[in-house]
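Residue-level listing of the chains:
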Amino acid sequence: KLIKKIKTSLLTKVFFSTAVMLFCIGALTYGLLAWLMPRTYSNRLNDSLDAQARDFIAKLEQVSFRDSGRLFDQFLQNTEISYVELYDGKGNSVSLPAGLADLSQDEVTVSAEYDVVAAADDNDSVAIATENQAEYAEANIPVVTNSYYFSFAGDPAVFMLNVAGSAGQIAQLRQTFLQVLPLLLFLILLAALSLSLLYARMITKPVLRISRVAQKMSKLQWEWHLEETRSDELGILEKSLNALSRKLAVTISGLQSANQKLAEDIEREKALEQARLDFFSAVSHELKTPVTVIKGQLEGMLLGIGVYRDHKKYLTRALEITDALETMVQELLTVSRLETIDASLQTDPIDCTRFIRNYLSETEDWIAQKRLQIFCEIPSAAWIDGNRMLTEKVFSNLIGNAVKYSPERAAIHISLCQNPGSLTFFVENTGVHIPEDCLPKLFDAFYRTDPSRNRKTGGSGLGLYIVQKILERQGSRCLVNNTERGVRFSFTLCKESCKTLPTDG
């Protein structure tokens, strides 16, 4: 579990690695001190002993062997000197001449060659030196020993002097290091852990903060901001992340908007495609009916079956159906042109008032036949920029429907109102109403509120559909509603080229 924590946490990795390094460095430093300090102190003791010994040798070379006892006594009184050993040229131990000045001639025997001098009593220097060595060995106290060769004054014989200095302080120093070792290791471990935790938090805190921000960025969350308080490389990284987040937020927002618009466009295209399929399905049905009727009448007349022998009557009916079929084909061609026409439709300055008056003049016989009353409230001229053929079809279809579906002796009100930059058209036929649930469907292709009556009057069900398509291309829509007197259709064209002129009742 701990290994998994170390692998998955940067803070834990930095903490443990730093703690181990600091502990090793502290332990290594302590080990070097424990090894170097005794050696350094030993070298210092050796240098001091060597200086004292050489000074002592220089004094011995100035006196004879017999007279050197006082010098040996003074030298041994030095607390830094543990013991001394004197050997002749043959390596034989020679008793130190300590106290020789107080002995009688009979008690001392000196060889003719001065090779060996023996003390008369039992407390000779050799025994004392041996005892001193044994004591230091038993106490496990280290000593520093140096050897020197010299000759006494007036004596050619060469002697070797071993001088041993006590190094008890070195043993105490080593013992002290061993005694404080557990405490020092505990303190080193505690310091390593504390410093590692502080260092790990200081180093990993900005990195962890940046890591959390990176996780939010991966989830496309931009509701965050890094505090740009540092001036080092991490501070530069924080500034870069802040700038990157702002740019990504703007870019992604733009992409989301573009994707949303693309999705809407795709849905719109699907809807248009479905509308086209529905339209052509309806076209097939609407064309099939008159073609079937004409075909049946012609076959009946050719075969002379029953009533179809009256060729004149049924040829007239066939001609009427053919005229209706021709009208439907023309309107289908208009619809097809609206679907495929280029957006940059050719426009010209046109007078809407003139369109209205011309159509009323063309349908004067029809209006008189139904004894309709026409009330017009239109200006003497109302100019707009538009396509002449399509705009004329809008007015003719709306006014024609009003004339076609109005009962006899009904009144039709036509109004053309101008405002700065806009033109509003109203046509209202009285004496008839449309069910409210049928109003939204009036502009669907081939929709009829009364199919039998529409076919009788020659309606194809495409007139209002075409009107709505033309107006949508010009940024407008045709509206319909029932009034107290009848049914009213209206639309508004917003054009900069509209001119405000006085009205002509």
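Just so it is clear, the structure is predicted and the values come from calculations on it, not from any experiment. (Residues numbered from 1 in each chain as written. Predicted model: local features only at pLDDT ≥ 70, side-chain atom pairs only at ≥ 80, totals over all residues. Heavy atoms only, no water.)

The next subject is the confidence of the model for the protein chain. Model confidence for the protein chain is summarised by a mean pLDDT of 75, while 74% of its residues fall at 70 or above. Element-level pLDDT for the protein chain is lowest in strand E3 (residues 109-110), with a mean of 36, against a maximum mean of 92 in strand E12 (residues 479-482). In this model residues 99-130 is a low-confidence stretch, pLDDT under 50, and it forms 34 contacts with partners more than four residues away in sequence or in other chains. The low-confidence segment residues 452-458 (pLDDT under 50) makes nine contacts with residues lying over four places distant or belonging to another chain. (pLDDT = per-residue confidence, 0-100. Helix = DSSP H or I, 4+ residues; strand = E, 2+ residues; numbered from the N terminus. Contact = heavy atoms within 4.5 Å.)

Applying the stated criterion across every chain, the model contains seven salt bridges. For Asp265, the salt bridge goes to Arg268, with nearest N and O atoms at 2.6 Å. Remark: Arg268 and Asp265 occur in helix H6 (residues 233-303); sequence separation between them is three residues, near one turn of the helix. Between Arg477 and Glu472 there is a salt bridge, with the nearest N and O atoms lying 2.6 Å from each other. Given a relative accessible area of 48%, Arg477 falls into the partly exposed group. Assessed through its relative accessible area of 37%, Glu472 is described here as partly exposed. What emerges from the salt-bridge pattern is a single network uniting Lys261, Asp265 and Arg268. (Salt bridge = Lys/Arg side-chain N within 4 Å of Asp/Glu carboxyl O. Buried < 20%, exposed > 50% of the residue type's maximum accessible area, 1.4 Å probe, protein only.)

Outside of glycine, negative phi angles account for most residues, and trans bonds account for most peptide bonds. Phi is positive for Arg371, which is not a glycine, with a value near 55 degrees. With respect to the helices, strands and loops of the structure, Arg371 is situated in the loop between helix H9 (364-369) and strand E8 (373-379). Unlike most non-glycine residues, Arg409 shows phi in positive territory, near 65 degrees. Within the fold, Arg409 resides in the loop between helix H10 (388-405) and strand E10 (411-419). On the accessibility criterion, Arg409 (55% relative accessible area) is exposed.

Further remarks concern the packing of helix H8 (residues 352-362) against H10. Contact geometry for H8 and H10: axes closest at 10 Å, N-to-C directions at 50 degrees. On the basis of their axis angle, the class for H8 and H10 is oblique. Once H8 is placed against H10, the crossing between them reads as right-handed. The residues of H10 that touch H8, namely those facing Cys352, Phe355, Ile356, Tyr359 and Leu360, are Arg388, Thr391, Glu392, Phe395, Ser396, Ile399 and Gly400. The residue inventory of the contact of H8 with H10, partitioned by class, reads seven nonpolar, three polar and two charged. (Axes fitted to C-alpha atoms, helices over the stretch in contact; angles between N-to-C directions. Parallel < 35°, antiparallel > 145°, perpendicular 65-115°, else oblique. Left-handed = near helix turned anticlockwise from the far one by under 90°. Nonpolar A, V, L, I, M, F, W, Y, C, P; charged D, E, K, R; others polar.)

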